[in-house]
Amino acid sequence: MNRPRVQRVVVAGGGTAGWVAAAALVKQLGPLLDITLVESDEIGTVGVGESTIPTSRSFHQLLGIDEAAVMRATQATFKLAISFENWRQEGDRYFHAFGENGRRSTWMADFHHFWLEARAQGFGGDLADYCFELQAASERRFTNGEDAPINYAYHLDATRYARFLRTLSEPAGVRRVEGKIAQVEQDGESGFVTALVLESGERIEGDLFVDCTGFRGLLIEQTLKTGYEDWTHWLATDTAIAVQTRATEPAVPYTRAIAHQAGWRWKIPLQHRVGNGIVYASAHLSDDAARAQLLGAVEGDVLTEPRLIRYRTGRRRKAWNKNVVSLGLASGFIEPLESTSIHFVKIAVMRLIQAFPFAGISDAQVDRFNAMSVQEVERVRDFIILHYHLTEREDSAFWRQCRDMTIPDTLAERMALFAESGQAYQAGDELFRVDSWVQVLMGQGMAPQRHHELARLMPKEQLRGALDSLKADIAGRVAKMPAHAQFVDRYCGAGEG
Ligand SMILES: Cc1cc2nc3c(=O)[nH]c(=O)nc-3n(C[C@H](O)[C@H](O)[C@H](O)COP(=O)(O)OP(=O)(O)OC[C@H]3O[C@@H](n4cnc5c(N)ncnc54)[C@H](O)[C@@H]3O)c2cc1C
């Protein structure tokens with residue numbers, strides 16, 4: 001088949017997804033492509049999405065972005081963990097941190113088996129004592145010197161982040177067009193999108209269209225009618241209200257996720273302000289009650305009008321359909337509990353770059369891209385469901401529903417395996433590592449019936465000595481670190497901004 005070559009790329013939308021896509025495409029393939037980005041000031045962006053995961057650092061390195069510069073430009077702080085509060089029970093708290101449990105290289109089975117053996121013998125303390133990043137988060141300390149390897153991500157101002165990426169992209173060759181897309185033209189035979197027509201009458205032709213138009217999915221859904229797989233029966237929240245406040249304390253290096261009777265609340269500390277929001281199931285909590293709950297709970301002066309955002313959890317049936325690749329909210333949405341959405345944008349755009357269809361779009365290429373997207377997103381979906389399903393809360397219909405619902409087989413099998421044997425795994429290209437699964441499974445209250453018998457081979461005093469020295473080493477390293485807020489000030493302080 002004679003396929004048209006792909007050279008003209010049109011990015012529709014200038015939120016985080018649009019500018020991430022434009023910046024990456026121009027950096028990696030700039031001389032080979034002609035890239036245009038269309039965004040509408042009148043429509044604006046979703047304006048949230050401020051907590052990231054460590055893959056953001058690799059993305060910045062690939063783009064040659066200086067860390068201190070992007071942090072200064074986005075009033076960013078460091079993130080080492082998420083503090084889950086009231087999830088297992090009201091009053092309970094655990095951290096899911098970006099670090100390893102124990103020290104992997106020294107153990108024949110995963111560390112937690114040895115820790116479980118120690119617990120069975122009556123010592124060992126908390127699993128949390130053996131994770132460096134977790135301890136640093138809990139002590140609110142941070143440093144990223146070369147002599148102190150540490151796994152971290154960022155909290156950043158979403159609007160400033162898109163603006164920062166724009167300042168890199170335009171000089172590198174991305175043409176930005178401001179205006180509202182009024183019409184999407186398609187080829188009568190193939191159905192491929194051929195051009196975007198703006199309200200001004202301007203017509204922007206392209207070979208490949210990257211749909212970053214947010215929840216509306218202007219090209220992927222409104223034009224191509226791709227369809228949506230709904231996951232609301234597993235993840236029942238469908239609304240968020242976001243509000244920004246003035247900081248009342250030095251920024252901590254973790255996101256707070258505080259469960260309430262019908263969802264949870266976030267608190268994300270930036271240098272110049274705090275991002276707050278409430279996520280809830282509208283079937284269980286009214287918008288007015290949620291708004292009142294959020295405003296009652298935030299600390300510090302309220303800086304913005306609370307903003308209500310509706311969403312539908314799920315994924316587009318095909319992330320890539322014909323000559324439209326959807327990214328960001330246009331491709332689907334899993335609620336922000338583990339801050340994975342921007343990661344999905346970044347990984348998808350890298351995948352597009354790696355297999356860029358210069359010689360024309362083939363079905364095989366599209367199928368591969370879509371299969372990988374599904375795998376990635378479904379595993380993250382399972383991880384998020386775990387937080388809701390594995391709970392001891394019974395105080396509201398929402399939590400009882402979460403506990404009693406039927407979960408995906410993939411998650412049910414994983415939970416059963418851990419419950420009976422203490423085995424956790426990271427499958428294939430899965431995002432979350434064994435350490436993450438173990439921290440959340442145990443943090444939510446699951447105690448495995450057994451652990452690997454290999455741990456019994458270690459003499460008691462040797463096991464005790466190894467654990468004590470690991471714990472002391474972590475505590476010693478953490479004690480030498482500066483306070484997080486102080487480090488941020490020195491490293492990338494942006495002033496009032
Ligand atoms: C409540 C909530 C909290 C979140 N928290 C996190 C988080 O902590 N971490 C994380 O990784 N992700 C988070 N996300 C997801 C994150 O916000 C998004 O993945 C990210 O902002 C990308 O959004 P977007 O660019 O796809 O969409 P948007 O920001 O909505 O951008 C859409 C763009 O399309 C343009 N557009 C739309 N229609 C037209 C038109 N007709 N003509 C021209 N332009 C048009 C708009 O002007 C805009 O520029 C959160 C999402 C929600 C809803």
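Just so you know, these numbers come straight off a predicted model, no measurement behind them. Counting of residues starts from 1 at the beginning of each chain's written sequence and follows it residue by residue. This being a predicted model, a pLDDT of at least 70 is required before a residue's local features are given, and a value of 80 or more before pairs of side-chain atoms are given or counted; all residues contribute to the totals for chains, interfaces and linings. Think of the side-chain values as coming from all heavy atoms in the structure, minus any hydrogens and water.

## Considering the pairing of strand E4 (residues 81-85)
Consideration 1: The rule is simple: take the accessible area with a 1.4 Å probe, protein chains only, and divide by the maximum for that residue type; under 20% is buried, over 50% is exposed, in between is partly exposed. Note on conventions: DSSP H or I runs of at least 4 residues are helices, E runs of at least 2 residues are strands, and numbering of each starts at the N terminus. Counting buried residues along E4, five of its five residues qualify, which places the element largely inside the surrounding structure.
Consideration 2: By this definition, two strands are paired if DSSP reports at least two bridges between them. Both E4 and strand E5 (residues 93-97) contribute to a ladder of five bridges, which runs antiparallel. The partner of Ala81 across the bridge, within E5, is Ala97.
Consideration 3: Two elements, E4 and strand E14 (residues 254-260), share five bridges in a ladder whose sense is parallel. Each bridged residue has a counterpart across the sheet, and for Glu85 the counterpart in E14 is Ile258.

## Concerning the site of the ligand
Consideration 1: By convention in this text, a residue qualifies as near a molecule or strand provided that one of its non-hydrogen atoms is within 4 Å of it. Taken together, 34 residues are adjacent to the ligand, and Gly14, Ser51, Ile181, Leu329 and Ile342 come closest.
Consideration 2: Definition of a polar contact: a pair of N or O atoms within 3.5 Å, with one able to donate and the other able to accept a hydrogen when the atoms are protein atoms, and with sequence-neighbouring residues admitted only if both atoms are side-chain atoms. Cys212 is positioned with one of its backbone polar atoms (N or O) 3.3 Å from an oxygen atom of the ligand.
Consideration 3: One nitrogen or oxygen atom from the main chain of Leu329 is found 2.9 Å from an oxygen atom belonging to the ligand.
Consideration 4: Its residues assigned to classes, the shell around the ligand shows 15 nonpolar, 15 polar and four charged. Note on residue categories: nonpolar means Ala, Val, Leu, Ile, Met, Phe, Trp, Tyr, Cys or Pro, charged means Asp, Glu, Lys or Arg, and polar means any other residue, Gly included.

## Quick look at the pairing of strand E15 (residues 263-269)
Consideration 1: Burial of E15 is extensive: seven of the seven residues sit out of reach of the surface.
Consideration 2: In this structure, E14 lies alongside E15, joined through five bridges in antiparallel fashion. The residue of E15 that forms the bridge with Ile258 is Arg265.
Consideration 3: Following E14, the chain reverses through two residues before pairing antiparallel with E15.
Consideration 4: The pairing of E15 with strand E16 (residues 274-280) spans seven bridges and is classified as antiparallel. Paired with Trp266 across the strands is Gly277, a residue of E16.
Consideration 5: Where E15 folds back on E16, the antiparallel hairpin that results is connected by four residues.

## Quick look at the packing of aromatic side chains
Consideration 1: Note on aromatic pairs: the rings of Phe, Tyr and Trp (six-membered ring only in Trp) are paired at centre separations within 6.5 Å, and the planes decide the class, stacked below 30 degrees, edge-to-face beyond 60, tilted for the rest. Applying the stated criterion across every chain, the model contains 25 aromatic pairs.
Consideration 2: Ring geometry for Phe95 and Tyr254: centres 5.1 Å apart, planes at 80°, overall edge-to-face. Here Phe95, found in strand E5, pairs with Tyr254, found in strand E14; they are 159 residues apart in sequence, far enough to count as distant.
Consideration 3: Residue class for Phe95 comes out buried when judged on its relative accessible area of 10%.
Consideration 4: Residue classification places Tyr254 among the buried residues on the basis of a relative accessible area of 3%.
Consideration 5: A ring pair is formed by Trp320 and Phe369, whose centres lie 5.3 Å apart and whose planes are at 85°; its orientation type is edge-to-face. One end of the pair, Trp320, is in strand E19 (residues 320-321); the other, Phe369, is in helix H9 (residues 363-389), with 49 residues separating them in the sequence.
Consideration 6: Owing to a relative accessible area of 2%, Trp320 belongs among the buried residues under this scheme.

## A few points about the UniProt feature "active site" (unreviewed entry) in the protein
Consideration 1: According to UniProt, the feature "active site" (unreviewed entry) maps to Lys79 in the numbering used here.
Consideration 2: Residue placement: Lys79 occurs in strand E3 (residues 77-79).
Consideration 3: Residue contacts follow a heavy-atom distance rule, with two residues in contact if any of their heavy atoms lie within 4.5 Å. Leave out the neighbours within four places in its chain, and Lys79 touches Ser51, Thr52, Phe98, Tyr152, Ala153, Tyr154, His155, Pro253, Thr255 and Ser339.
Consideration 4: A polar atom in the side chain of Lys79 sits 2.9 Å from the side chain of Ser51. UniProt positions are given in the numbering used here, feature names are shortened, and annotations may be inferred rather than shown by experiment.

## Brief notes about the pattern of salt bridges
Consideration 1: Salt bridges are counted wherever a side-chain nitrogen of Lys or Arg sits within 4 Å of a carboxyl oxygen of Asp or Glu. Counted according to the given criterion, the structure contains 35 salt bridges.
Consideration 2: Note that Arg176 and Asp41 form a salt bridge whose closest N and O atoms lie 3.4 Å from each other. Residue Arg176 is located in strand E7 (residues 175-178), and its partner Asp41 is located in the loop between strand E2 (34-39) and helix H2 (55-62); the two are separated by 135 residues in the primary sequence.
Consideration 3: Of the residues examined, Arg176 reaches a relative accessible area of 22% and is grouped as partly exposed.
Consideration 4: Judged by relative accessible area, which is 52%, Asp41 ranks as exposed.
Consideration 5: Residue Glu221 is joined to Arg316 by a salt bridge in which the shortest nitrogen-to-oxygen separation is 2.9 Å. In this pair, Glu221 is assigned in the loop between strand E11 (208-211) and strand E12 (228-230) and Arg316 in strand E18 (residues 314-316), connecting sequence segments 95 residues apart.

## A closer look at the sheet that holds strand E8 (residues 181-186)
Consideration 1: Here we have three strands laid out as an open sheet, ordered E8-E9-E10, and antiparallel in their pairing. Strand pairing shows two members of the sheet lacking a second neighbour, E8 and strand E10 (203-205), which therefore form its edges. Ignoring strand direction, the axes of neighbouring strands in this sheet form an average angle of 20°. An axis is simply a line fitted to the C-alpha atoms; with a helix, the fit covers only the stretch in contact. Between two such axes, the angle follows the N-to-C directions and lies from 0 to 180 degrees.

## Structural notes on the packing of H2 against helix H8 (residues 341-354)
The angle between the axes and the distance between the axes are what describe a pair of packed helices.
Consideration 1: In contact at an axis separation of 10 Å, H2 and H8 are set at 40° when each is read in the N-to-C sense. Taken together, the axes of H2 and H8 are oblique relative to one another. In the crossing of H2 with H8, the sense of the turn from one axis to the other is left-handed. When H2 is examined against H8, the residues Thr55, Ser56, Phe59, His60 and Leu62 are found in contact with a partner set consisting of His343, Lys346, Val349 and Met350.
Consideration 2: Among the residues forming the contact of H2 with H8, the class breakdown is four nonpolar, four polar and one charged. Roughly parallel here means an angle under 35 degrees, roughly antiparallel means over 145, roughly perpendicular means 65 to 115, and every remaining angle is called oblique. Less than a right angle of anticlockwise turn of the near helix away from the far helix marks a crossing as left-handed, whereas a clockwise turn marks it as right-handed.

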